[in-house]
Structures are given as C-alpha cells and as structure tokens.
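Below are the chains, spelled out letter by letter.
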Amino acid sequence: MKSLAIFFVLFASSASANEPYWPEFRGPTGQGIAADESTPLTWSETENVRFKTAIPGRGWSSPVVLGNHIWMTTAVETPGDPTELQEAAKQHKSIGSDLELSGRLSLRAVCVDRQTGELLHNVELIEVAQPKAIHSLNSYASPTPVIEPGRLYCHFGRYGTVCLNTEDLSILWKKAFEIEHFVGPGSSPVVCDDLLILTCDGADKQFIVAVDKLSGEIAWNVDRPPIRDQEPDFRKSYCTPLVIDHHGKKQIVITGAQWFVSYAPKDGSEIWRVDHGHGFSVVPRPVADEQTIYCPSGFTGKGIFAIRTDGQGDVTDSHVLWKNQRKAPTQSSPLLHNDRIYTVTDMGVAQCLSAETGEPLWSKRLGGGYSASPLLVGDAIYFFSREGETTVFSTENKPKVLARNQLDGQHMASPAVAEGELIVRTDTHLYAIHEVKAGQTEKAAIPQ
C-alpha cells in the first residue's frame, strides 16, 4: 500500500497535536481522509445528533475546525432584480434557466462552539452592492476557508479574500482579484508555507496568485498556460490546489481548462504540465500518493488522469500512466485509499478504480445528485447526496452498504471530522453527529 503519511507532515506544525484540527477543504491532507478516526455509521434527525444549529444566510463552504471552534462562510442575500437576471440568462443561453441573482450581499464568517453548538460569531467581511449571477447549484460563499491558530482566511472569488483575526474578530488584510466566474466562485484557497494560494481561472483571464499570509502582499502572480478554446465559457475553472511533496520538494498542483500544472511554491515557476484535452469548469480537487497524482479533467474532459509527479516541462507524452473516462466525476472530488480510487458522479453512480491501472473494480448506483466529496473515516466511506442522504460503504473487495442515513436538508458542503464526530453542514444547519451508546446521555442540548 502506498502511504499518505507524507501529506500529514505538511500540516502537522500548524496546530497542537492535542487539538481537533480540520483546517481546510477535505481536511488535514486535503484529500478527505480521517483514517485514524471512528464516527457513527447511522443517524437521523432524531438519532445520534448531538446538536443542530441553524446557520444564517446561504453558503456551500465546508466547515473547518480548530479546537472548540467550527468556522464556515455564508452569504446573506437580498432579492435580486428579475430584469437583470433575464439579461444574464440571455448572455449565458446554455445555462440561462439555471442562473440565480442576488441583490445586495453580505459575505460573512460564522463560528459555532464545537462543544455546545452555540453560534458564537457572525462577522461581516465584505459587502457587495451588485453581485453577478450564479448557477443554481452554486452559492456566493462556496469556497472553503482555511483555519490556523489566530487566523481564518476566507475567499469569495472575485468579491475578495479576507484574513480574519479569530481572537478579536478584526480584519487583518483584504485583497480582491476580479475575474469573470460566469457561474459564481468555487475554488478554495490553500496555505503553503507562508503563502496563501488562490486559483483565479476566470472566463476572461486565468492566473494563479500567492499572497503573503501575514501581510496580504502579493508574493507572485503567474499566468496560466495558453488555452486553445477561445470561447470564454470553456476557459474557466474552479479547482482547489493540492500541495504535494515529491522527495522533499513541495509542488502546488492545480487543474485548469486544458492543463494540469504543477508550480513551485517559492516563485510560482512551472515544474510540469499535462495537456488533458478540452476539459473545462474543473471542480474536483486532485488526490495523490508519493509518486502519482490523480486528476479529474472536468466537463467534456477525458476523465481521470494518473500522472507521475517527477517530470519537468510538458510531460503529456511521457508521464501520463493511464486515464479513465467512464463515470468520471465533474463536481465531487475523488478519494484515494489502499491503492484504490473512489468517485461518485453528479447523478449518483459510485465507482472504485485501481490506482495502479485505472481499471474499474466495481460501480454502484446510489441515486440522487452529488456535489459534496466522499469521506473516508476508519474503514468506512461516506457519500453525501444533495437530497440529504448519506450512504456508507465498507472498503472491502466486495463492498457492503453499511448504512443509509437521512437528514432534512441538502448536502452541498463536504463534512469535517473532529474527535469521533462528523461535522455536517447542510444548506440550512450545522450538525454534530455523535454516537450515543445505550445508557449514555447527550453531551449538549440541541439549539435550533
């Protein structure tokens, strides 16, 4: 089995080993893994819910955890102008009926006490007078923040990036890199050493920017490789970077339209690139082991690519180990465990591939729609549907469905894990899913 331990080292110095820590989108490794944890397999609105807290506004950002604090972003919206929405629909005819438009926006960071479920903080970070239209499956607060001791980095795409002091709730710095998303922001930021990395893959311009996480000053800003397609809609993308370690040297791998690209953290110089064809609007974050990275290629793409990470320059013809187009995800990120890759399509078909060859090992139709990414906890894999259902699979060669669980809301955000609990955000509430054993009482009341 290829170990993922090297990825935990990247984050180990950021928080005390004694504190619960789920610092960014998909957790400490950025890959949705909590292998040393054990969380409940079954729950419902009335079973194994330690607290359920209403979250103001709307946002699909995933919860991040440090100690007893759970943070996420949200957008408080006022009704939009129907005439402006009609104009936006005309500009984007292929998805016009799927667009939504808010009026004035208040983009906020909210904090929930992990022990009690109490809403502790609700801080306005940015006010937007005239936001752009978004896709109905998106929100104005979809990128997941990054938490580290004393600081929360919140990103809202074109509307700005904010560093919040989590002790006194002051704004330490604020930056904005305006691009045309077409359907709203999506890519989450990541921290690499002393830099905050932002993906700015707009329909109008495409670049990667690194800012000093302490000051907010730009450290480097590099343009993406040239894209063949000139249609703006086919040039945009929404991928969250993945920081990997190859023989002691870090790489920042970011998928965009047409290209997978690896960057050097120091100055943003390109290490390697792979031409993946005509894929665009890439949402899934890659996964990786010590020598290979597995990258979905987006809408109209050629599926998942397995790429060796020891290349230099254009390695399209030399370092692609395999690609598999069947049942490739376009929203949900893959999961890598024990040399197997687990995915789920937007329309609810889960599958397992061999990480060595890309050959399919099994597939199961779950039903429903999927935007949240799967989660590995111990030896169980959790798939979260937009209809509020979670299907739990075993990781055996012949997988078993261990449980199906239903909550009232939608799963758009990917859950976090903290001290044996699932921290689950639906479209309206935050849940702490905790196994209550026979004779045991709940640890806290359930505020509504």
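Here the structure is a predicted model, which is why all the values come from computation and not from measurement.

Some remarks on the pairing of strand β20 (residues 259–263)
(1) Moving on: Of all the five residues making up β20, five are buried; the element is thus mostly covered by neighbouring parts of the structure.
(2) Moving on: By the alternation rule, side chains of β20 split into Trp-259, Val-261 and Tyr-263 and Phe-260 and Ser-262, which are all buried.
(3) Moving on: Alignment of strand β19 (residues 249–255) against β20, held across four bridges, turns out to be antiparallel. Within β20, the position partnered with Thr-255 by the bridge is Phe-260.
(4) Moving on: Connecting the antiparallel pair β19 and β20 is a turn made up of three residues, with Gln-258 showing a positive phi of about 75°.
(5) Moving on: Relative to strand β21 (residues 270–275), β20 runs antiparallel, the two sharing five bridges.

What about the confidence of the model for the protein chain?
Note that predicted coordinates carrying low pLDDT should not be read in detail.
(1) Moving on: Summing up the model confidence of the protein chain, the mean pLDDT is 93 and the portion of residues at 70 or higher is 93%.
(2) Moving on: When the criterion is pLDDT under 50, residues 1–13 qualifies, and its contacts beyond four places in sequence or with other chains add up to 33 contacts.
(3) Moving on: Counting contacts from residues 443–447, a segment whose pLDDT is below 50, to residues more than four positions away or on other chains yields 18 contacts.

Let's talk about the nonpolar core
(1) Moving on: Of all hydrophobic cores here, the largest spans 30 residues; its most connected members are Ile-70, Leu-375, Tyr-382, Leu-422, Ile-423 and Leu-430.
(2) Moving on: Looking at this core, the elements that each hand over two or more residues are β3 (49–54), β5 (69–79), β7 (102–113), β31 (375–377), β32 (380–384), β35 (416–418), β36 (421–425) and β37 (429–433).
(3) Moving on: At four residues, the largest contribution of residues to this core is made by β37.
(4) Moving on: In contact with Ile-423, not counting residues within four places along its chain, are Pro-63, Val-65, Ile-70, Pro-415, Ala-416, Ala-418, Leu-430, Tyr-431 and Ala-432.
(5) Moving on: Among the nonpolar cores identified, the runner-up in size contains 27 residues, and Leu-101, Leu-107, Ile-134 and Tyr-159 belong to it.

Quick notes on the sheet that holds β32
(1) Moving on: The strand order across the open sheet formed by five strands is β2-β31-β32-β33-β34, and the pairing between neighbours is mixed. Each of the sheet's edge strands pairs with one partner strand only, and the pair in question is β2 (33–34) and β34 (401–406).
(2) Moving on: Here β31 runs beside β32; their pairing, made up of three bridges, is antiparallel. Bridging across to β32, Val-377 finds its partner in Ala-380.

Considering the sheet that holds β35
(1) Moving on: One open sheet accounts for four strands, arranged β3-β37-β36-β35; its pairing is antiparallel. At either end of the open sheet lies a strand with only one pairing partner, and these are β3 and β35. Looking at each pair of strands side by side, their axes are set apart by 20° on average, direction ignored.
(2) Moving on: Here β3 runs beside β37; their pairing, made up of five bridges, is antiparallel. Each bridged residue has a counterpart across the sheet, and for Thr-53 the counterpart in β37 is Leu-430.

Some details on the packing of aromatic side chains
(1) Moving on: In the structure shown here, the tally under the stated rule is twelve aromatic pairs.
(2) Moving on: Look at Trp-43 and Tyr-382: their rings are 6.2 Å apart centre to centre, the planes differ by 15°, and that puts the pair in the stacked class. On the criterion of sequence distance, the pair formed by Trp-43 in the loop between β2 and β3 and Tyr-382 in strand β32 is long-range, its members being 339 residues apart.
(3) Moving on: Given the relative accessible area of 3%, Trp-43 is considered buried.
(4) Moving on: Taking 5.2 Å as the distance between ring centres and 65° as the angle between the ring planes, the aromatic pair formed by Phe-260 and Phe-305 counts as edge-to-face. Of this pair, Phe-260 sits in strand β20 while Phe-305 is found in strand β24 (residues 304–308), placing the two residues 45 residues apart along the sequence.
(5) Moving on: The class for Phe-305 is buried, based on a relative accessible area of 2%.
(6) Moving on: Following the ring pairs from residue to residue traces out a cluster consisting of Tyr-342, Trp-362, Phe-383 and Phe-393.
(7) Moving on: Of note, Arg-273 hangs over the ring of Trp-259, and the distance from its end group to the ring centre comes to 4.8 Å.

Details of the environment of Pro-145
(1) Moving on: Looking at the element boundaries, Pro-145 is found in the loop between β9 (134–135) and β10 (146–148).
(2) Moving on: Pro-145 sits 84 residues away from Ser-61 along the chain, and the two C-alpha atoms are 7.3 Å apart.

So, the pattern of salt bridges
(1) Moving on: A complete count under the given rule lists 19 salt bridges for this structure.
(2) Moving on: Residues Arg-158 and Glu-178 are paired through a salt bridge, measuring 3.3 Å at the closest nitrogen-oxygen approach. Of this pair, Arg-158 sits in the loop between β11 (151–155) and β12 (161–165) while Glu-178 is found in the loop between β13 (171–175) and β14 (190–192), placing the two residues 20 residues apart along the sequence.
(3) Moving on: The shortest N-O distance in the salt bridge between Asp-275 and Arg-228 comes to 2.7 Å. Placement of Asp-275 in strand β21 and of Arg-228 in the loop between β17 (218–223) and β18 (242–246) is noted, with a sequence separation of 47 residues between them.
(4) Moving on: On the basis of relative accessible area, Arg-228 is assigned to the partly exposed category, the value being 42%.
(5) Moving on: Via salt bridges that share partners, Glu-45, Lys-52 and Asp-408 belong to a single interconnected network.

What to know about the side chain of Ser-371
(1) Moving on: Mapping Ser-371 onto the fold places it in the loop between β30 (360–365) and β31.
(2) Moving on: Ser-371 sits in the buried class, given a relative accessible area of 12%.
(3) Moving on: Separated by 2.7 Å, the side chains of Ser-371 and Gln-331 make a polar contact.

Considering unusual backbone geometry
(1) Moving on: Positive phi values are uncommon outside glycine, yet Ser-281 reaches one of about 50°.
(2) Moving on: Tracing the sequence through the fold places Ser-281 in the loop between β21 and β22 (287–288).
(3) Moving on: Given a relative accessible area of 7%, Ser-281 falls into the buried group.
(4) Moving on: Phi is positive for Lys-327, close to 60°, though the residue is something other than glycine.
(5) Moving on: When you line up the elements, Lys-327 lands in the loop between β26 (320–324) and β27 (335–337).

About the thresholds
- Residues numbered from 1 in each chain as written.
- Predicted model: local features only at pLDDT ≥ 70, side-chain atom pairs only at ≥ 80, totals over all residues.
- Heavy atoms only, no water.
- Buried < 20%, exposed > 50% of the residue type's maximum accessible area, 1.4 Å probe, protein only.
- Helix = DSSP H or I, 4+ residues; strand = E, 2+ residues; numbered from the N terminus.
- Pairing = 2+ DSSP bridges.
- pLDDT = per-residue confidence, 0-100.
- Contact = heavy atoms within 4.5 Å.
- Core = buried A, V, L, I, M, F, W, Y, C linked by side-chain atoms within 4.5 Å.
- Axes fitted to C-alpha atoms, helices over the stretch in contact; angles between N-to-C directions.
- Phe/Tyr/Trp six-rings, centres within 6.5 Å; stacked < 30°, edge-to-face > 60°.
- Lys NZ or Arg CZ within 6 Å of the ring centre and 35° of its normal.
- Salt bridge = Lys/Arg side-chain N within 4 Å of Asp/Glu carboxyl O.
- Polar contact = N/O pair within 3.5 Å; in protein donor to acceptor, adjacent residues only side chain to side chain.

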